Amino acid sequence: YQAKEILALTFTEKAAEEMSNRVGDVMPLGYEEPWINTFHSFADRILKREGLEIGLDPTYKILSGPDQWLLLRKNLFAFNLSYFRPMGNPTKFISAILKFISRLQDENISAKDLEAYLKKFGGEEEERERWQELLHIYQKYEELKISQSKLDFGDLITWTIKLFEERPNVLKKYQEQFKHAL
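Reference entry: report on the structure contained in this document. (Residues numbered from 1 in each chain as written. Predicted model: local features only at pLDDT ≥ 70, side-chain atom pairs only at ≥ 80, totals over all residues. Heavy atoms only, no water.)

1. Examining the nonpolar core
Thought 1: L72, F79, L114, I137 and Y141 are the most contacted members of the largest nonpolar core, which has 23 residues in total.
Thought 2: Mapped onto this core, the elements with two or more residues apiece are α3 (65–74), α4 (94–106), α5 (111–120) and α6 (125–147).
Thought 3: In this structure, W35, L163, F164 and V170 belong to the second largest nonpolar core, which totals 18 residues. (Core = buried A, V, L, I, M, F, W, Y, C linked by side-chain atoms within 4.5 Å. Buried < 20%, exposed > 50% of the residue type's maximum accessible area, 1.4 Å probe, protein only. Helix = DSSP H or I, 4+ residues; strand = E, 2+ residues; numbered from the N terminus.)

2. With respect to helix α2 (residues 39–50)
Thought 1: In this model α2 runs 16 Å from its N-terminal to its C-terminal C-alpha over 12 residues, within 8% of the 16 Å that 1.5 Å per residue would give.
Thought 2: Inspection of α2 places F42, A43, D44, I46, L47 and E50 among the buried residues, and these make up the whole buried set.
Thought 3: On its buried side, α2 packs onto β1 (6–10), β2 (35–38), β3 (61–63), β4 (150–152), α7 (153–166) and α8 (168–177). (Expected span 1.5 Å × (residues − 1). Contact = heavy atoms within 4.5 Å.)

3. Some remarks on the packing of α2 against α8
Thought 1: Relative orientation of the contacting elements α2 and α8 amounts to 125 degrees, with a least axis distance of 13 Å. Relative to α8, the element α2 is oriented oblique. Where α2 crosses over α8, the handedness of that crossing is right-handed. Taking contact as the criterion, the partners of I46, R49 and E50 in α2 are, on α8, V170, K173 and Y174.
Thought 2: Along the lines of polarity and charge, the residues of the contact of α2 with α8 split into three nonpolar, no polar and three charged. (Axes fitted to C-alpha atoms, helices over the stretch in contact; angles between N-to-C directions. Parallel < 35°, antiparallel > 145°, perpendicular 65-115°, else oblique. Left-handed = near helix turned anticlockwise from the far one by under 90°. Nonpolar A, V, L, I, M, F, W, Y, C, P; charged D, E, K, R; others polar.)

4. Concerning the pattern of salt bridges
A side chain of one charge can pair with a side chain of the opposite charge when the charged atoms of the two come close.
Thought 1: On inspection of all chains with the given rule, the structure shows 10 salt bridges.
Thought 2: A salt bridge links E50 to K173; its shortest N-O distance comes to 2.5 Å. Of the two residues, E50 is situated in helix α2 and K173 in helix α8; the sequence distance between them amounts to 123 residues.
Thought 3: E166 is the salt-bridge partner of K162, the closest N and O atoms lying 3.3 Å from each other. Note that K162 and E166 are positioned in helix α7 at a spacing of four residues, about one turn of the helix.
Thought 4: Among the charged side chains, a salt-bridge network with shared partners connects E142, K145, D152 and D155. (Salt bridge = Lys/Arg side-chain N within 4 Å of Asp/Glu carboxyl O.)

5. Some details on empty space enclosed by the protein
Thought 1: Within this structure, the stated rule accounts for one cavity of 30 Å³ or more.
Thought 2: Within this model, the largest cavity holds a volume of roughly 40 Å³.
Thought 3: Taken together, L72, L76, F79, L81, I94, I97 and I137 form the lining of the largest cavity.
Thought 4: Residue composition of the lining of the largest cavity, by class: seven nonpolar, no polar and no charged. (1 Å grid on protein atoms, 1.4 Å probe; cavity = no way out; pocket = protein on both sides within 12 Å on 5 of 7 lines; lining within 4 Å. Points joined across faces, edges and corners; volume = space filled by probe spheres on them.)

Rendered as structure tokens:
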């Protein structure tokens, strides 16, 4: 087997580093390293190489949690909030909104997917308005990030999935490269 044909993915940086160290200990000098990454660093590596295929700026910056909070806070009034604009403390819901968006990303639910769901939503009017506002927040947040060439942690996976779904030739390239995935 050639090292470039091996992909090893893990959840933590510590585990990826440990795997890399173990491979380094048993391989001869000058070997080509296999791809040993966390899921998110693998996605980042793919997007840096191939992101232009779907119009993504490959020089994007990744937002930390505090950076995400600050981005929402700085643009809070551009969201035209109604339901999620509490009196006295306009930033009260920012953390909850970011957690909600992160959960959508974890489930690979795009703003378009949420919008399609809401078109079929049969709940009470107040509940519907609340969901519509959440959709608007999600859409606006996505627009803000893209306009500033920024992604958050959850975007790494969702954009890579989008890349592979929309560009089968790119997916095929990596399917052919990686004969073994761990």
